[in-house]
Amino acid sequence: MSYLIKAATLSDGAVVDILIADGKIARVAPDIQESNSQIIEASGLRALSGLVDLHTHLREPGREDSETIASGSLAAVRGGYTALSAMANTSPVADTAGVVEQVFRLGQAAGLCDVFPIGAVTQGLLGEQLAEIGAMATSSAKVRIFSDDGKCVSNALVMRRALEYVKSFNGIIAQHAQEPTLTVDAQMNEGEISSQLGLKGWPAIAEEAIIARDILLAEHVGSRLHICHLTTAGGVELVRWAKSRGINVTAEVTPHHLLLTDESVLGYDAVFKVNPPLRTEADVHALRAGLADGTIDIVATDHAPHPSEDKDCEWQAAAFGMLGLETALSVLVSTMVETQMLDWAHLERVMSHNPARIAGYESHGHPISEGKTANLILVDPSAKRVIDRNKMASKSRNTPYDGLTLPAVVTHTFFNGALVHEVDRGAAK
Amino acid sequence: MNHLLSVNDLSKEAAISLLTTARELGVVSEGGHKKLPTLRGRSVVNLFFEDSTRTRISFESAAKRLSADVINFSAKGSSVSKGESLKDTAQTLQAMGADAVVIRHGASGAAQRLADSGWISASVINAGDGTHEHPTQALLDAFTIAEKLEISNFEFTGLRVGIVGDILHSRVARSNVLLLQKLGAQVTLIAPPTLIPVGVHSWGVDVNFDFDSAVGNLDVVMMLRIQSERMNELFFPSAREYSRSYGLDKLRLDRMTARSIVMHPGPMNRGLEISADSADSQKSVVLSQVKNGVLVRMAVLYQLLSGASSL
Ligand SMILES: [Zn+2]
């Protein structure tokens, strides 16, 4: 099957036709005449490289009731993602070649997008013994990112060794920065709201102390460090400082930390319970500024599905995490594009090109140009939609945006040249 | 008003109206009418996920004195880690047709969850949720202050109240700060810095780490119960050191002003946050607090369930 996309607007503003054939972008030119292809009228639509997520919780193996690799893949392509990175905190933990190969194969079987497994840094995410990082790297899944996400590699020596060890294959350690001794039973950002609600505080310093330490470790051993989900103004400052010193650090921010603050917790609705927690408005502004000035390299969803019984309960009994794949682009358009902090080209870099480059996903994250693998999306920037938690592709319902009207609809997603997602544009308007 | 979840649910006028109703109920009771027919046929469920015999008994006798049917539903042991239990229990109570649910729960926000989630249509009264609030305690404390210091209109402007102890973990302190400020009092929190919440600057209170410098300038000294296990979480080095710095002993009691009073929400740790001398002194109004607790809870049930704002 070949497709001819007519009059799409690239991220740089150029209006072009795009011919997709044999899984590749065959031509990009102003007015392509080709009669054997399915025509897609894309006037008014943006064509962007397929989005790449470096932080996805898919719950398979172990909690297939809340998400499977197949349901997560469907959520992904609806949100415009053509590549996911499945976090290692499954059951069993993805700390062996066997588990990462299983995840990789299940992703291929689902066939909607690439699912690249992330390997655990330590056995069982316990933070003590290194997992078989080399075996995972040389497995058929070719793992390059390692993370104990959900938990912090808090022991400094373990972190140092992990950073050193992955150098041999240009791997990267993605750190969930949370000093555990400062966050025992912590429930939400520590500040005015936590003091009012009587919920145990999660201080910004618990995140920043680990970021500072790991930046210095990465500099010392000359390794690549990736900081997951920055949430604090202080964390942005630390990464900015590290980059100014030439330290090889990259950082991500989630859509929810760009939009929501700890004031969302005021009604004790556990859909807003997330790790790391929602912070203050000042932090949100610092994160937006950090993303705009390049301090923060990428947007990552931290898509974290949970069944309703783990959210429909009192706050302190609820699980941490929120859905993200199907709403990420819309939240970014709302918080960064419509506020004119990012243009479309920069948005495409932080949601596609940069994550693909950091992870080494070679068939993803290229500017739309001839000869590249056809992983791309069309977006209607003028469409609006009301988020409905009951209409998610995810098996879970824990979106924090239920009822909210958000801009931009992903109308088409192409994965390796196949049209894996398409919406009725009449309905989307 | 459908629920009483937080002192924030009450305007100053609504708070004074409740306190006034409580006083009227006290007058009626003393006139020999131990039991009023007002809530006959209505059912009040005491839903206690945490043990608190004194609070449960206070609500129970308040409901019974208004002729309501009382069901005690002790859910202790239903662990907070398995959160479904709150929802399940709520749906059971809904099926039983409860008119009011008095909930005590170890999780902050549990009462609000119960009220907001759509699981139940009954009025919800927060009888203490985690480290968040305990609004009827604040009401009975305000009632007792007004009674003992003879402030008949509940206008507390100029009144100086010190709340002493584990502010960080105290739902009594949070509710009292809100209500006392609403009524015009000036509140000082007295505690070691470890037990003062990080966000306290937004509360509009004074903070003093030195009990000795504050004790002579207060009209009300409200002592909070301290759990000695807190020292295992490094909030203070030892129970003895805490007691020396923040306990109300005879020396500090003697430095209090002539008309001032000592309060404690109970149960007291004698010898820890309060010495036996202080607990049993003329200044102590602890037993009045217990008595007034019933009147205030009668007023809350009365206003919530009858819809009337006065007798
Ligand atoms: Zn994480």
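Read on for a plain summary of the structure. (Residues numbered from 1 in each chain as written. Chains lettered and ligands numbered in written order. Predicted model: local features only at pLDDT ≥ 70, side-chain atom pairs only at ≥ 80, totals over all residues. Heavy atoms only, no water.)

**Some details on the packing of helix H5 (residues 135-148) of chain B against helix H11 (residues 286-306) of chain B**
Residue and element names in this part refer to chain B.
- For the pair H5 and H11, interaxial distance at closest approach is 8 Å and the crossing angle is 120 degrees. Comparing the axis directions of H5 and H11 gives the class oblique. In the packing of H5 onto H11, the handedness of the crossing is right-handed. In this structure, H5 contributes Thr136, Gln137, Leu139, Leu140, Asp141, Phe143, Thr144, Glu147 and Lys148 to the contact, and H11 contributes Ser288, Gln289, Lys291, Asn292, Gly293, Leu295, Val296, Arg297 and Val300.
- Residues that form the contact of H5 with H11 fall into these classes: 6 nonpolar, 7 polar and 5 charged. (Axes fitted to C-alpha atoms, helices over the stretch in contact; angles between N-to-C directions. Helix = DSSP H or I, 4+ residues; strand = E, 2+ residues; numbered from the N terminus. Parallel < 35°, antiparallel > 145°, perpendicular 65-115°, else oblique. Left-handed = near helix turned anticlockwise from the far one by under 90°. Contact = heavy atoms within 4.5 Å. Nonpolar A, V, L, I, M, F, W, Y, C, P; charged D, E, K, R; others polar.)

**A word on the pattern of salt bridges**
- The full count for this structure, using the stated rule, is 29 salt bridges over all chains.
- Here A:Asp214 and A:Arg213 are joined by a salt bridge, their closest N and O atoms 2.9 Å apart.
- Judged by relative accessible area, which is 0%, A:Asp214 ranks as buried.
- Residue B:Lys12 is joined to B:Glu155 by a salt bridge in which the shortest nitrogen-to-oxygen separation is 2.9 Å. Of this pair, B:Lys12 sits in helix H1 (residues 12-30) while B:Glu155 sits in the loop between H5 and strand E5 (160-164), and the two are 143 residues apart along the sequence.
- You can call B:Lys12 partly exposed: its relative accessible area is 25%.
- Members of the salt-bridge network, linked through shared partners, are A:Lys6, A:Asp17 and A:Asp31. (Salt bridge = Lys/Arg side-chain N within 4 Å of Asp/Glu carboxyl O. Buried < 20%, exposed > 50% of the residue type's maximum accessible area, 1.4 Å probe, protein only.)

**Quick word on the nonpolar core**
- Core analysis: the largest hydrophobic core is formed by 96 residues, its most contacted members being A:Phe146, A:Leu230, A:Leu291, A:Leu347, A:Met351 and A:Tyr361.
- The element that contributes the greatest number of residues to this core is helix H11 (residues 344-359) of chain A, accounting for 7 residues.
- Counting only domains with at least three residues in this core, you end up with domain 1 (3-46 + 372-428) and domain 2 (50-359) of chain A.
- One finds B:Leu66, B:Ala100, B:Val172 and B:Met222 within the second-largest nonpolar core, a separate group that totals 88 residues. (Core = buried A, V, L, I, M, F, W, Y, C linked by side-chain atoms within 4.5 Å. Domains from an automatic or database assignment.)

**Considerations on unusual backbone geometry**
Residue and element names in this part refer to chain A.
- In this model, glutamate 60 is joined to proline 61 through a cis peptide bond whose omega is 5 degrees.
- Mapped onto the elements, proline 61 comes out in the loop between strand E6 (51-52) and helix H1 (69-78).
- Backbone torsion omega between asparagine 275 and proline 276 reads -5 degrees, so that peptide bond is classified as cis.
- Tracing the chain through its elements places proline 276 in the loop between helix H8 (255-259) and helix H9 (281-292).
- Even without being glycine, aspartate 185 reaches a positive phi, approximately 60 degrees.
- Tracing the backbone through its elements, the reader meets aspartate 185 in the loop between strand E10 (172-175) and strand E11 (188-189).

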